[in-house]
Amino acid sequence: MHLNRQMQLIENNETALNCGRPWDEISAYHRVILALPPATQHRRLVATGPIPPSCDILSMHERLPSNRRVRVNSGIPANKMATPIDRTAKRVVLTVQDYSLFAHRAVMNLFRPPRYGSEFLIQADIIGVGSAFIVLLSGFFTGGVLALQSAATLSEFGANGLTGRFVGLTMIRELGPVLTGVMVAGRNASSMASELGSMVVTEQIDAMRALGVDPMRKLVTPRLFACISMLFFLTILADAFGILGGGFVTVVMNHQDGFQYFSTAWESLRYPDIVQGLVKPLFSGFIIASIGCFFGMRTSGGTQGVGRATIQAVVFSSVSIIIADFLLTQVLLSLLARA
Amino acid sequence: MNQTNSASEPDPALPGLSQPGLTQAGPIQSGTAPALAAGPVVAFHNVSIAFDGPPVLQDISFSVAPGETRILLGPAGVGKSVLLKLVNGLLRPDEGSILLFGDEISKMPEERLFPLRTRTGMVFQEGALFDSLTVRDNVAYQLIQEQVPDEEIDRRVHEALSFVELDQTFSLYPDSLSGGMRRRVAIARALIRQPELILYDSPTGGLDPVTSTTIIELVMKERDVYRTPSILVTHRLQDAFTLSTHRFDPDQGSMVPLPQGHADPNTTYLMLEEGRLIFDGSIHELVHTDNKFVREFLQ
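All values reported here derive from a predicted model rather than from experimental measurement. Residues take numbers from 1 onward in each chain, read along the sequence in its written order. In the order they appear in the text, chains get letters beginning with A and ligands get numbers beginning with 1. Residue-level local features of this predicted model are given only where pLDDT is at least 70; pairs of side-chain atoms are given and counted only at 80 or more, and the full residue set underlies all totals for whole chains, interfaces and linings. The side-chain figures draw on all heavy atoms in the structure; neither hydrogens nor water molecules are used.

Trainee: Give me the lowdown on the overall build of chain B, citing residues and values where you can.
Mentor: Counting from the N terminus, the helices are the DSSP runs of H or I reaching at least four residues and the strands are the DSSP runs of E reaching at least two. Looking only at helices and strands, chain B features 10 helices and 12 strands. Residues classed as buried in chain B amount to 57% of the 299 residues present. Any two residues whose heavy atoms approach within 4.5 Å are treated as being in contact. The long-range fraction of contacts in chain B, counting pairs at least 24 apart against all pairs at least 6 apart in sequence, stands at 66%. As displayed, chain B has an accessible area near 12,200 Å², and 50% of this comes from carbon and sulfur atoms. Here's how the labels work: a residue is buried when its accessible area is under 20% of the maximum for its type, exposed when over 50%, partly exposed in between, all with a 1.4 Å probe on protein chains only. Using a 1.4 Å probe, the Shrake-Rupley method yields the accessible areas, and only the shown protein chains count as cover for residues.

Right, here's the structure in full:
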């Protein structure tokens, strides 16, 4: 019954085990003994040398004396074994499930005491005030680029006067929220993941739990709500500076009428545009903080793990913001008909 | 496996030092388990846990009586820290039950565990101090959460830091402290609310012998002055035996050896091998055991 089983050495296939004879030299019977858990072993056998890719041993898990772990499958026929695709799919589903539970808990904590108001203010300062400069800079120059590009195109149709309308609507409906989200994700999702990740690997999170404090309430929920609220205001800032940047380019570089630029920008605005532009940052804020904290709190593998968590947080939050923006635009456009 | 030892006469195998003039009345019986009348502070029943692989701990059963200090021995990577984290619910077992202060915690929701954890103190392997907070805020962490007035906090922090003889570090940050000082601050943090159980996770790991002795003296002081039950994880036999063969003398303000062959009756031993509990008993039983692994470990 122990034939045709596969054994795989995690880490690599060429490690030498402690002592004894090479794997190739020991009999199938001894391999069976080796595969049994320590308590059931009649005597201790240890093999040396590279482990062959497949080996006739009984299905069991075994921790070898070198602390190299050998995994032996559980007797499932090879054609029914989980493929790498299966395992990846399961891991993805499990991660999504964990994230959903994590985000749900983080939100629900707001409705149950204790609440950490001072932590919220600290995080609001770090996220809001700390990100203001990069947001207004990126907003200003994005508005400027929009004005440059649109003026060049609109002049072909003799519609230079519509630059303000073009820049204003694009900034408020689309670029302001998305740009702010991506900028804040780069700055704050990474800092949340690395800060919480470092706390995890240095056992500070465990220490907090051991001291009777819920890290979800103390660390995650304040970051989540601070990020949502601050992203709202940062987006307004980005919109304003984007329109200003466009105005600067229109007046100083394109030598057009500034009054016309600002009045067309203002007159073309409708409430649905503003609502659309201000609903998106609420979702972006949620995405940034929840993903940043999620990857931070599940960090493992020491300092390397912290680096990995930081990268994952930035990548996943940035991509999620853009995907969410697409979906939200679809929904909001159908809900908020523009007069 | 749980023993009640009987050795009333001094044990010549113990590495105790001869020291006349002990203040304690009469010789201490080696390995006499403390009374269990009040019920165990901690009780494990057939506890097992695994992490994506072979079991880390299998079928672990033991208890900690009021006033008892249990020293958990075993080589590195055998599951000692995991066992300690199971005690206050930082980890959940796959099988078995764990009673903490009489409450079954293995399936208790996290929200209900927090109040229980405030009754325990835990000293982590590397101290696990919050590096963005001062020593004062680290030690007072629980008190700050409970919104205790600042004057009261300062007084109690000074008291806790004096206990570990680090009062001068009050306003410093953890990164300006040495490894030994960090452990002592961690002990002060664990003790500030006068817990009903203390868990020490390798408090002397990686420290020099002098600093290790200082830490062990603090553990002993807490054991002998406040009689707080505890579980101490270590792989250093020297520390374990020092705890058994010495007592803290409040008059001298330091530890003193018990008479030759005597051992603290409230300090008992557990030993793990490959995730299984292979020894549970007194120091007397430990040094006389026939278990091959224990003997190899002791040697």
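Trainee: With reference to specific residues and values, describe the packing of aromatic side chains.
Mentor: Two rings belonging to Phe, Tyr or Trp (six-membered ring only in the last case) form a pair when the distance between their centres is within 6.5 Å. Interplanar angles under 30 degrees mark stacking, angles over 60 mark edge-to-face geometry, and anything in between is tilted. Throughout the structure, instances matching the rule amount to 12 aromatic pairs over all chains. Centroid distance Phe 130 of chain B to Tyr 141 of chain B: 4.5 Å. Interplanar angle 35°. Geometry classified as tilted. Pair noted here: Phe 130 of chain B is in the loop between β6 (120-123) and α3 (135-139) and Tyr 141 of chain B is in helix α4 (residues 141-145), with a separation of 11 residues, a long-range link. Given the relative accessible area of 4%, Tyr 141 of chain B is considered buried. Seen in terms of ring centroids, Phe 163 of chain B and Tyr 226 of chain B are 5.8 Å apart; in terms of plane orientation they differ by 50°. Their pairing is tilted. Note that Phe 163 of chain B is positioned in helix α5 (residues 150-163) and Tyr 226 of chain B in helix α7 (residues 209-226), a separation of 63 residues in sequence. You can call Tyr 226 of chain B partly exposed: its relative accessible area is 45%. A connected cluster of aromatic rings, assembled from ring pairs, spans Tyr 99, Phe 102, Phe 294, Phe 295 and Phe 316 of chain A.

Trainee: Just give me the short version of the pairing of strand β10 (residues 254-257) of chain B, but keep the residues and values in it.
Mentor: Residue and element names in this part refer to chain B. As paired elements, strand β9 (residues 246-249) and β10 share 4 bridges and run antiparallel to each other. Its bridge partner being in β10, Asp 249 is matched across the sheet by Ser 254. Strand pairing is defined by DSSP finding a minimum of two bridges between the two strands. Taking the residues that link successive antiparallel strands as the turn, the β9-β10 hairpin has 4 residues, and the phi of Gly 253 there is positive, at about 70°.

Trainee: Please set out the pattern of salt bridges residue by residue, giving values where relevant.
Mentor: Residue and element names in this part refer to chain B. The term salt bridge refers to a pairing of a side-chain nitrogen on Lys or Arg with a carboxyl oxygen on Asp or Glu at a separation within 4 Å. A complete count under the given rule lists 28 salt bridges over all chains for this structure. Here Glu 110 makes a salt bridge to Arg 92, at a shortest N to O gap of 3.6 Å. Pair noted here: Glu 110 is in helix α2 (residues 110-117) and Arg 92 is in the loop between α1 (80-87) and β4 (95-100), with a separation of 18 residues, a long-range link. Residue Arg 92 is classed as partly exposed on the basis of its relative accessible area, which comes to 30%. A salt bridge links Arg 156 to Glu 152; the shortest N-O distance between them is 3.5 Å. Here Glu 152 and Arg 156 lie together in helix α5, a separation of 4 residues that amounts to about one turn. Glu 152 gets classed as partly exposed once you look at its relative accessible area, which sits at 27%.

Purely geometric stuff here, so don't read any function into it on its own.
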